[in-house]
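# Architecture and fold: a report
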Amino acid sequence: MKTMTKRTAVAALTGVMAVGMLTGCGEKKLDGTKTVATVDGTEIPLGIVSLSVREGQAQTEAMYKSFMGGQDYSIWSMDAEDGKTYGEQAVEQSLKDVELMYIMKEKAADYNVEVTDDDEQKIADAAAAFMAANSEETLQELAVSEDQVKTYLELQTYKSRMHDPLIADVDKDVSDEEAQQSSFDYVSISTADLSDDEIKQKKEDAQKILDDLKAAGSDGDLNEIAKSVDDSYSSVSGTFDVNEDAAKEDSDEESDSSSSSSAYPDEVMKVLRTLKDGEIGPDVIETDTSYYVVKLDKVNDEEATETKKQSIISTRENKLYTDTTEKWLDDADINVEKKVLKTLKVTDNHKFSIATATPEPTEEAAATETPEVTEATATPEATEETEATTTPEVTEAASYNTDSSLEVTDGNKVNIDYVGKIDGVAFDGGSTDGKGTDLVIGSGTYIDNFEEQLIGAHPGDKVEVTVVFPDDYQAADLAGKEAVFDVTVNGIYE
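The rules we used
Residues numbered from 1 in each chain as written. Predicted model: local features only at pLDDT ≥ 70, side-chain atom pairs only at ≥ 80, totals over all residues. Heavy atoms only, no water. Salt bridge = Lys/Arg side-chain N within 4 Å of Asp/Glu carboxyl O. Helix = DSSP H or I, 4+ residues; strand = E, 2+ residues; numbered from the N terminus. Buried < 20%, exposed > 50% of the residue type's maximum accessible area, 1.4 Å probe, protein only. pLDDT = per-residue confidence, 0-100. Contact = heavy atoms within 4.5 Å. Polar contact = N/O pair within 3.5 Å; in protein donor to acceptor, adjacent residues only side chain to side chain. 1 Å grid on protein atoms, 1.4 Å probe; cavity = no way out; pocket = protein on both sides within 12 Å on 5 of 7 lines; lining within 4 Å. Points joined across faces, edges and corners; volume = space filled by probe spheres on them. Axes fitted to C-alpha atoms, helices over the stretch in contact; angles between N-to-C directions. Left-handed = near helix turned anticlockwise from the far one by under 90°. Nonpolar A, V, L, I, M, F, W, Y, C, P; charged D, E, K, R; others polar. Phe/Tyr/Trp six-rings, centres within 6.5 Å; stacked < 30°, edge-to-face > 60°. Pairing = 2+ DSSP bridges. Core = buried A, V, L, I, M, F, W, Y, C linked by side-chain atoms within 4.5 Å.

### Points about the pattern of salt bridges
Any two side chains of opposite charge can pair if their charged atoms end up close together. Evaluation of the coordinates by the stated rule reveals 17 salt bridges. Between Asp241 and Lys308 there is a salt bridge, with its nearest N and O atoms 2.4 Å apart. Of this pair, Asp241 sits in strand β6 (residues 236-241) while Lys308 sits in helix α11 (residues 302-331), and the two are 67 residues apart along the sequence. As far as the burial class goes, Asp241 and Lys308 line up, both buried. In this structure, Lys327 and Asp331 form a salt bridge, with 2.7 Å as the shortest nitrogen-oxygen distance. Here Lys327 and its partner Asp331 are both found in helix α11, four residues apart, which amounts to about one turn of the helix. For the pair shown, Lys327 and Asp331 are each scored as exposed. By sharing partners, the salt bridges in this structure join Asp171, Glu178 and Arg316 into a single network.

Have a look at this one:
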């Protein structure tokens, strides 16, 4: 069963895992000492699962806010699958994640993975810092003890260190034929929900763009031409699979988000596959919802092909990891105390947030992998006035560095703008509207694979990011669909 909670990729405990509670629900306090499940005879206390649930809850809410323009709205009480709400589903998924971490600890020695005495000391220090940073009220809501925090951090360390050994044997041989990509530029003009007269005008605009592009020739700037017709129009760059069989295999693989051709309508692909380097589509392309003007850049784009190779390898790695860990869970002797589990609830009026401290690492700290610590302060529930005037994702004053020689790396805090499109059409809530938003690369705040695709970019770069929304995404019109985000990297915080 797919769930809306994102699996956290913990990079070997590096900093502070801060959980801050938004109070105001008055729910019954948990007993974190109760056993919620046993895995191969090892008891799991409810407090550890509670900590995992709240971390996942906070990350999911942050992701939703980022894609919906900073708006706060209800998600956890909505129906998901099998008669469960998303909140109930989130609790079950967190328990499964914790169960897997216990299994990984059992199997760590088989993969030469260990947590050393030095690691344990750092984990103990991190747990103590967590307890000190959080209010007594927050700790009571989490129902977690210092020993349980230590256990949770230890389990996350094992999980992090088990990842690479688990995927070490994946086949990394990808042929040029399998991965070859063509690159192109295009303008899409939406005709959705327009009157006949408005659609007619849009077609005239598209024809004007095409005519001017043809007059300019292969060196013409499609973006400038589009904006000269209407300032609301702009061009976008895209790539697609040269090998149609490979493209079909990609679209048939439900778990593969690397398919580049499936992001574009068949009418567009049919024309693109007839073009050569620098050629312009002979006519305006009409679909049910848009008009397109296209220009092929390169039939064989070497850089895009290399990126696709890495994407294919990443997909293989994810599959191997998932297949292996799912089998471990199936084979394990797991017993769940359902009555205890039901006491742990995720609701819309009981919110948690994560404020991760990211201190500048010293050479010594980088070498020893300092455990993740968390600072959490109790935050009163926002009033209607506050919600109406506060937009936490938007930065009012740019204090980031715009030096184009800088490069985005894992862990960087960046400021970005983006416009999300499905089948070339922008969707509601998928844009920053040029206001800019901050993002920590590797934080897991955004949807799977979004952040990773920004690594290597420079301030000023425009990056095309392709993602697939979860099948059970809260916005039904986006669920299960592939989206292309045109991302501008405004700068990097130092």
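### With respect to the confidence of the model for the protein chain
In the predicted model, the protein chain carries a mean pLDDT of 79, and 78% of its residues have values of at least 70. When pLDDT is averaged over each helix and strand of the protein chain, the minimum, 32, is found for helix α14 (residues 384-389) and the maximum, 98, for strand β4 (residues 42-45). Counting contacts from residues 1-26, a segment whose pLDDT is below 50, to residues more than four positions away or on other chains yields 113 contacts. Low confidence marks residues 251-259, where pLDDT is under 50. Its contacts with residues over four positions away, or in another chain, come to 19 contacts.

### Overview of the side chain of Asn415
Tracing the chain through its elements places Asn415 in strand β12 (residues 413-422). Classification of Asn415 as buried rests on a relative accessible area of 1%. A polar atom in the side chain of Asn415 sits 2.7 Å from the side chain of Asn490.

### Details of the layout of surface pockets
Quantified by volume, the second largest pocket comes out at close to 660 Å³. Looking at the second largest pocket, it is lined by 26 residues, and the ones nearest its centre are Ser190, Gly424, Val425, Ala426 and Phe427. For the lining of the second largest pocket, the secondary-structure elements that each account for two or more residues are β5 (181-190), β12 and β13 (425-431).

### Brief notes about unusual backbone geometry
In this structure, Asn112 takes a positive phi of about 55 degrees despite not being glycine. Note that Asn112 resides in the loop between α2 (86-107) and α3 (117-133). With a relative accessible area of 75%, Asn112 lands in the exposed category. Phi at Asp193 is positive, roughly 60 degrees, even though this residue is not glycine.

### Observations concerning the packing of helix α5 (residues 146-166) against α11
Between α5 and α11, whose axes approach to 10 Å, the crossing angle comes to 115 degrees. For the pair α5 and α11, the sense of crossing is right-handed. Contacts between α5 and α11 involve Lys159, Met162, His163 and Leu166 from the former and Leu320, Tyr321, Thr324, Thr325 and Trp328 from the latter. Across the contact of α5 with α11, the residue classes tally to five nonpolar, three polar and one charged.

### Here we look at the packing of aromatic side chains
Under the defined criterion, the tally for this structure stands at 12 aromatic pairs. Ring geometry for Tyr418 and Phe450: centres 6.1 Å apart, planes at 75 degrees, overall edge-to-face. Placement of the pair is Tyr418 in strand β12 and Phe450 in the loop between β14 (437-440) and β15 (462-468), with a sequence separation of 32 residues. Each of the two residues, Tyr418 as well as Phe450, counts as buried. By way of ring pairs, the aromatic residues Phe184, Tyr186, Phe240, Tyr264 and Tyr292 are connected into one cluster.

### Focus on the pairing of β4
For a regular strand, side-chain orientation follows a simple rule: the groups alternate between the two sheet faces. Strand direction decides the pairing type here: strand β3 (residues 35-39) and β4, joined by four bridges, are antiparallel. Counted as the bridge partner of Thr35 is Pro45 from β4. If you look at the hairpin formed by β3 and β4, you'll find two residues sitting between the two strands, and Asp40 has a positive phi there, around 50 degrees.

### Some words on the nonpolar core
With 76 residues, the main nonpolar core has Val36, Ile416, Phe450, Leu454 and Phe485 as its most contacted residues. Among the elements that line this core, the one with the most residues is α2, at 10 residues. In this structure, Phe184, Val268, Tyr292 and Val484 belong to the second largest nonpolar core, which totals 15 residues.

### Observations concerning the sheet that holds strand β8 (residues 290-298)
Picture the strands of a sheet paired through backbone hydrogen bonds; they go either parallel or antiparallel. Taken together, four strands build an open sheet; the order of strands is β6-β5-β8-β7 and the sheet is antiparallel. Every interior strand has two partners, whereas the edge strands, β6 and β7 (285-286), have only one. Alignment of β5 against β6, held across six bridges, turns out to be antiparallel. Bridge pairing links Gln181 to Asp241 in β6. Against the sheet, helix α7 (residues 196-216) engages β5, β7 and β8, with an angle of about 20 degrees to β8.

### Quick notes on the sheet that holds β4
In spatial order, the strands read β4-β3-β9; together these three strands make up an open sheet with antiparallel pairing. Edge strands, defined here as strands with exactly one partner in the open sheet, are β4 and β9 (334-336). On average, each strand axis in the sheet is tilted by 20 degrees relative to the strand beside it, whichever way the strands run. Examined bridge by bridge, β3 and β9 share three bridges and lie antiparallel to one another. By the bridge assignment, Val39 is partnered in β9 with Ile334.

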